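# Fold and contact review
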Amino acid sequence: MSNFRLARISLLLAAIGLNVLPALSHAQDAKPAAAGTPAAAPADTVRPEIFKLLDPTAVKASMDAKNYADVQSRIDQAAAIPALTPYETFVINRLRVALASTTNNAAMAMPALEAVIESGKLDKKSMGDFIQALANYHYNAKDYANAIKWFTRYQTETGDVATVRPYIIRAYYFNNDFARAKQELMADLTAKQQAGQAPTLEELQLLANTGSKSKDPATYLIAMENLVRYYPSDDYWTDLLGRTQGKAGYSDRFALDVLRLQYKAVGTMSPEDYSDMAEIALTDAFPTEAKKVLDDGYAKGVLGKGANAAKHKKLRDQANKAAADDAKTIATGEASANKSKDGTGLVNLGYAYVTMDQFDKGIDLIQKGIAKGGLKRPEDAKLRLGYSLAMAGKKDEAIKVLETVKGGEGVGDLARYWILWLNRPATAAAAPAAAPAAQ
């Protein structure tokens, strides 16, 4: 975001500089004027004394030789001639634009461009080019209010709304008008999604930055959800899930559920996330899950080294022993779970089987537990069923279940995020780290 800039002004002005400088004709037949009065020139011609200074052949020769001082001298001399006609002023300013574009002289270019635009002597196509060039100059000069003014005029004059719209929105953002930037970005996001089109990476990053700069976490999360939808990356997923846990009303009972999704969505987690997930899984009586997570952390070279190497080994030994014990005794728990007055035991036992990759048996038990009823939090159980189906590779069934999960405290968010992960692009676009605030 911070590196976003318009194309070089000189590229645009190359098309509106010397190449389209008016062919200068001069009034050779002009009658001498009375003493002290400049000779009048017919419309759209220049007087001989101005033509002599601005003769295109001589000017081009100096420009080609990079003798810009000579061109500037010619312009200054012509501008000093008394009683310039509107057309003569127009020609002088056109030449100023050409010289300024070549020498990167914004201070000369901007007033000259504006004068040419307001001269009334441009055709419609040239008018759009000159207005866009002036808007670009203001944008790159960080004069965002005037950039918005001239980009908007470009839209009005040409009827081309799309070309400069991204720059108008960015100008609102850089001018600290975050409310308007959000309004426009959200409108574009909605329109594109309704049309079945993907928003650009930059649009979503800008929306995230707008939420961040304006301390609007809801807007930031909308942006992050769409970033993981269209341009998933480890950084975006980690940021989204981390910030979701900070939402008002979020329940910490979903800490393990969040880590389960993160474990599936990102390539490699941090050492703290691996160890935290294992510790919570052990506490919640899912030792096989803890063992698998720790084994993966070791295999990826994340765990077992550094200052916490001993801690990691102790946790891994604990998980290995508990998983081995659980594998021996898990079958004995089914009878007591079936006898229970509610389905909680069946749901928990079913997920334990899922962690052992016995998906069909585990999913069946979870479904029986939900059907049995008496659950304190039935939506939590549906969430677990949904992501168990996801882990089993049953995408369509998983989405069908997850779409029925409702409620606050994080359960609805997590169901939606699992669906985002299941519907992720087949080949995720390479994306930079989570959008930093634009400068």
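In this text the structure is predicted, and so the values were computed from the model without any measurement. (Residues numbered from 1 in each chain as written. Predicted model: local features only at pLDDT ≥ 70, side-chain atom pairs only at ≥ 80, totals over all residues. Heavy atoms only, no water.)

### Focus: empty space enclosed by the protein
Going through the model one piece at a time under the given rule, you end up with one cavity of 30 Å³ or more. If you add up the space inside the largest cavity, you get close to 50 Å³. Lining the largest cavity, in full, are Leu 185, Asp 188, Leu 189, Lys 192, Pro 199, Glu 203, Leu 204 and Leu 207. Of all the elements in the fold, those that place two or more residues in the lining of the largest cavity are helix 10 (178-194) and helix 11 (201-213). Looking at the lining of the largest cavity, the element that brings in the most residues is helix 10, giving four residues. Residue classes in the lining of the largest cavity are distributed as five nonpolar, no polar and three charged. (1 Å grid on protein atoms, 1.4 Å probe; cavity = no way out; pocket = protein on both sides within 12 Å on 5 of 7 lines; lining within 4 Å. Points joined across faces, edges and corners; volume = space filled by probe spheres on them. Helix = DSSP H or I, 4+ residues; strand = E, 2+ residues; numbered from the N terminus. Nonpolar A, V, L, I, M, F, W, Y, C, P; charged D, E, K, R; others polar.)

### Side note on helix 19 (residues 344-355)
It helps to recall that an α-helix has 3.6 residues per turn; residues three or four apart then point in one direction. Look at helix 19: 17 Å from first C-alpha to last across 12 residues, which is about the 16 Å you get at 1.5 Å a residue. Inspection of helix 19 places Leu 346, Val 347, Leu 349, Gly 350, Tyr 351, Ala 352, Tyr 353, Val 354 and Thr 355 among the buried residues, and these make up the whole buried set. Packed against the buried residues of helix 19 are helix 14 (255-265), helix 16 (287-299), helix 18 (333-339), helix 20 (359-372) and helix 21 (378-391). Where helix 19 terminates, the next one or two residues include Asp 357, which has phi positive at roughly 70°. (Expected span 1.5 Å × (residues − 1). Buried < 20%, exposed > 50% of the residue type's maximum accessible area, 1.4 Å probe, protein only. Contact = heavy atoms within 4.5 Å.)

### Considerations on the pattern of salt bridges
As enumerated under the stated definition, the model contains 32 salt bridges in all. Here Asp 325 makes a salt bridge to Lys 321, at a shortest N to O gap of 3.1 Å. Of this pair, Asp 325 and Lys 321 are both found in helix 17 (residues 309-329), four residues apart, which corresponds to roughly one turn of the helix. Across the pair Asp 364 and Lys 368 runs a salt bridge, and its minimum N-O distance is 3.2 Å. Residue Asp 364 and its partner Lys 368 are located together in helix 20, separated by four residues, close to a single helical turn. By relative accessible area, Asp 364 is classed as partly exposed at 34%. Note on Lys 368: relative accessible area 42%, which makes it partly exposed. Several salt bridges converge on common partners, so that one network encompasses Arg 165, Arg 180, Glu 184 and Asp 188. (Salt bridge = Lys/Arg side-chain N within 4 Å of Asp/Glu carboxyl O.)

### Structural notes on the nonpolar core
Counting 124 residues, the largest nonpolar core has Leu 54, Leu 113, Trp 237, Leu 261, Leu 383, Trp 418 and Trp 421 as its most contacted members. Not counting residues within four places of it along the chain, the set of residues in contact with Trp 237 comprises Val 228, Pro 232, Leu 261, Ala 265, Val 266, Tyr 417, Leu 420 and Trp 421. (Core = buried A, V, L, I, M, F, W, Y, C linked by side-chain atoms within 4.5 Å.)

### Focus: the environment of Asn 209
Assignment of secondary structure puts Asn 209 in helix 11. On the accessibility criterion, Asn 209 (0% relative accessible area) is buried. Spatially, the C-alpha atom of Asn 209 lies 9.2 Å from that of Thr 219, the residues being 10 residues apart in sequence.

### A few points about helix 8 (residues 144-158)
Given a rise of 1.5 Å per residue, 15 residues ought to cover 21 Å, and the 21 Å separating the end C-alpha atoms of helix 8 matches this to within 8%. Taken as a whole, helix 8 has its buried residues at Tyr 144, Ala 147, Ile 148, Trp 150, Phe 151, Tyr 154 and Gln 155. Turning to helix 8, the residues buried within the fold contact helix 6 (106-117), helix 7 (124-140) and helix 9 (165-174). Directly after helix 8, the chain includes Gly 159, whose backbone phi takes a positive value near 80°.

### Examining the packing of aromatic side chains
Taken as a whole and judged by the stated rule, the model has 13 aromatic pairs. Pairing Tyr 87 with Phe 90 gives two aromatic rings, centres 5.9 Å apart and planes at 40°, and the pair type is tilted. Note that Tyr 87 and Phe 90 are positioned in helix 5 (residues 86-103) at a spacing of three residues, about one turn of the helix. By the burial criterion, Tyr 87 is buried, and Phe 90 matches it. With a centroid separation of 5.7 Å and an interplanar angle of 85°, the aromatic rings of Trp 418 and Trp 421 are classed as edge-to-face. In this pair, Trp 418 and Trp 421 both sit in helix 23 (residues 411-422), three residues apart, roughly one turn of the helix. Trp 421 shares its class with Trp 418; the two are buried. One aromatic cluster in this structure is built from Tyr 139, Tyr 144, Phe 151, Tyr 167, Tyr 173, Phe 174 and Phe 178. In this structure, Lys 361 is placed above the aromatic ring of Tyr 353, and the distance from its NZ or CZ to the ring centre is 5.2 Å. (Phe/Tyr/Trp six-rings, centres within 6.5 Å; stacked < 30°, edge-to-face > 60°. Lys NZ or Arg CZ within 6 Å of the ring centre and 35° of its normal.)

### Section: unusual backbone geometry
A positive phi angle is found at Asn 176, which is not glycine, with a value near 65°. With respect to the helices and strands, the residue Asn 176 is situated in the loop between helix 9 and helix 10. At Lys 215, a position not held by glycine, the phi torsion is positive, near 55°. Examined against the element boundaries, Lys 215 turns out to sit in the loop between helix 11 and helix 12 (217-230). For Lys 215, a relative accessible area of 74% gives the class exposed.

### Thoughts on the layout of surface pockets
Here the largest pocket defines a volume of roughly 460 Å³. Surrounding the largest pocket, 18 residues form its lining, Thr 344, Asn 348, Asp 380, Ala 381 and Arg 384 being those nearest its centre. Mapped onto the lining of the largest pocket, the elements with two or more residues apiece are helix 14, helix 19 and helix 21. It is helix 21 that contributes the most residues to the lining of the largest pocket, four residues altogether. A class-by-class count of the residues in the lining of the largest pocket yields eight nonpolar, two polar and eight charged. Approximately 240 Å³ is the volume found for the second largest pocket. Lining the second largest pocket are 13 residues, with Tyr 263, Lys 264, Glu 289, Lys 292 and Met 391 sitting closest to its centre. Class assignment for the residues of the lining of the second largest pocket results in seven nonpolar, one polar and five charged.

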